[in-house]
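# Commentary on secondary and tertiary structure
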Amino acid sequence: MSLREYFGLEGGAPYTGARFEHLGGGGDRVGVAGVVTAEDLVAVQMLSVTVPAQVSLDLLEGPLGRAVSELLSRIPADADMVEVDAAQLDTGSAADQAWRLLRRANGIGWVKAGKLLARKRPRLIPVYDNVVKCLLGWPPHFWLPLHTALRADDHALHHTLLDLRKRAGVPETVSALRVCDIVLWMAHAKDHKAGRCAVRGTLSV
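Right, let's walk through the structure included here. (Residues numbered from 1 in each chain as written. Predicted model: local features only at pLDDT ≥ 70, side-chain atom pairs only at ≥ 80, totals over all residues. Heavy atoms only, no water.)

## Some thoughts on the layout of surface pockets
There is about 400 Å³ of room inside the largest pocket. Surrounding the largest pocket, 17 residues form its lining, W99, P140, H141, F142 and W143 being those nearest its centre. Going through the elements one at a time, α5 (94-104), α6 (109-120) and α8 (143-168) are the ones with two or more residues in the lining of the largest pocket. Sort the elements by how many residues they give to the lining of the largest pocket and α5 lands first, with 4 residues. Of the residues in the lining of the largest pocket, the class split is 9 nonpolar, 3 polar and 5 charged. Computed from the structure, the second largest pocket encloses a volume of approximately 350 Å³. What lines the second largest pocket is a set of 20 residues, and nearest its centre among them are L47, S48, K115, D129 and W185. Sorting the residues of the lining of the second largest pocket by element identifies α6, α7 (130-135) and α9 (176-193) as the ones contributing at least two each. If one sorts the elements of the lining of the second largest pocket by residue count, α9 sits on top with 6 residues. Looking at side-chain class alone, the lining of the second largest pocket contains 10 nonpolar, 5 polar and 5 charged residues. (1 Å grid on protein atoms, 1.4 Å probe; cavity = no way out; pocket = protein on both sides within 12 Å on 5 of 7 lines; lining within 4 Å. Points joined across faces, edges and corners; volume = space filled by probe spheres on them. Helix = DSSP H or I, 4+ residues; strand = E, 2+ residues; numbered from the N terminus. Nonpolar A, V, L, I, M, F, W, Y, C, P; charged D, E, K, R; others polar.)

## Overview of empty space enclosed by the protein
Taken as a whole and judged by the stated rule, the model has 5 cavities of 30 Å³ or more. What the largest cavity holds in volume is close to 40 Å³. Lining of the largest cavity is provided by F20, E21, A118, P122, I125, P126, V127, S175, L177 and R178. Counted by class, the lining of the largest cavity contains 7 nonpolar, 1 polar and 2 charged residues.

## Quick word on the nonpolar core
Membership of the largest hydrophobic core comes to 65 residues, with the highest contact counts inside it found for L3 and L59. Here this core takes 10 residues from α9, the largest share from any one element. Ignoring sequence-local partners within four residues, the contact set of L3 consists of L164, R165, A168, V170, V179, I182 and V183. (Core = buried A, V, L, I, M, F, W, Y, C linked by side-chain atoms within 4.5 Å. Buried < 20%, exposed > 50% of the residue type's maximum accessible area, 1.4 Å probe, protein only. Contact = heavy atoms within 4.5 Å.)

## Section: the packing of aromatic side chains
Taken as a whole and assessed by the stated rule, the structure comprises 7 aromatic pairs. Between the aromatic rings of Y6 and F7, the centroid separation amounts to 5.5 Å while the plane-to-plane angle is 65 degrees, which identifies the pairing as edge-to-face. When the ring centre of W110 is taken as origin, the NZ or CZ atom of K133, which lies over that ring, is 4.6 Å away. (Phe/Tyr/Trp six-rings, centres within 6.5 Å; stacked < 30°, edge-to-face > 60°. Lys NZ or Arg CZ within 6 Å of the ring centre and 35° of its normal.)

## What to know about the pattern of salt bridges
Applying the stated rule across the entire model yields 10 salt bridges. Taking the shortest distance from any N to any O, the salt bridge between E10 and R4 comes out at 3.0 Å. Taking the relative accessible area as the measure of exposure, R4 reaches 26% and is therefore partly exposed. The residue D80 makes a salt bridge to R123 at a minimum N-O spacing of 3.2 Å. Pair noted here: D80 is in the loop between α4 (63-72) and α5 and R123 is in the loop between α6 and α7, with a separation of 43 residues, a long-range link. (Salt bridge = Lys/Arg side-chain N within 4 Å of Asp/Glu carboxyl O.)

## With respect to the packing of helix α2 (residues 38-45) against α6
Two elements in contact, α2 and α6, have axes separated by 10 Å at closest approach and are oriented at 120 degrees. Taken together, the axes of α2 and α6 lie oblique to each other. In the packing of α2 onto α6, the handedness of the crossing is right-handed. Seen from α2, the contacting residues are E39, D40, L41, A43 and V44; seen from α6, they are K115, L116, R119 and K120. Class assignment for the residues of the contact of α2 with α6 results in 4 nonpolar, no polar and 5 charged. (Axes fitted to C-alpha atoms, helices over the stretch in contact; angles between N-to-C directions. Parallel < 35°, antiparallel > 145°, perpendicular 65-115°, else oblique. Left-handed = near helix turned anticlockwise from the far one by under 90°.)

All quantities given are derived from atomic positions and should not be read as evidence of function.
Right, here's the structure in full:
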């Protein structure tokens, strides 16, 4: 199972991304959920991206960090995506504003912005990159379609993700969203890196 491989439960070394949510106790833990920390910046490196040094300083000590903190204060740290109303993720929401603010920072872009927010709100904001976007057929948006998919059929997809996590023996501290990302990423990463891509366009696990 791809989850077990990713977390090193099949005898091999875990992927570095297995530490993304857990490094330093997590980005959403009490005391740091409202600020970007140095541990958060290291954690996103576990997902093969690096925040530029100047932006890192601005997030840790400057106005960008203060602006992000203000927005984080309006984004719930204890709710799963499946639980919240779509308005919490829609255009103009605090989460959307934080993503757009980060995306505009020099050298960040949409992938790094999303990964930073996923570190701060792992139950609410999904990790999303070019590999998963390619697998799904390059949709222009992801948060709201995923939210809809998780809530459909009495939250069937959400329960499937939790069941996959349990059967794989992955810690419960790994969010359903992270399980979804890992399953999708593992399904396409090798083909994507080798250029063997085909548009899929189906949101499923």
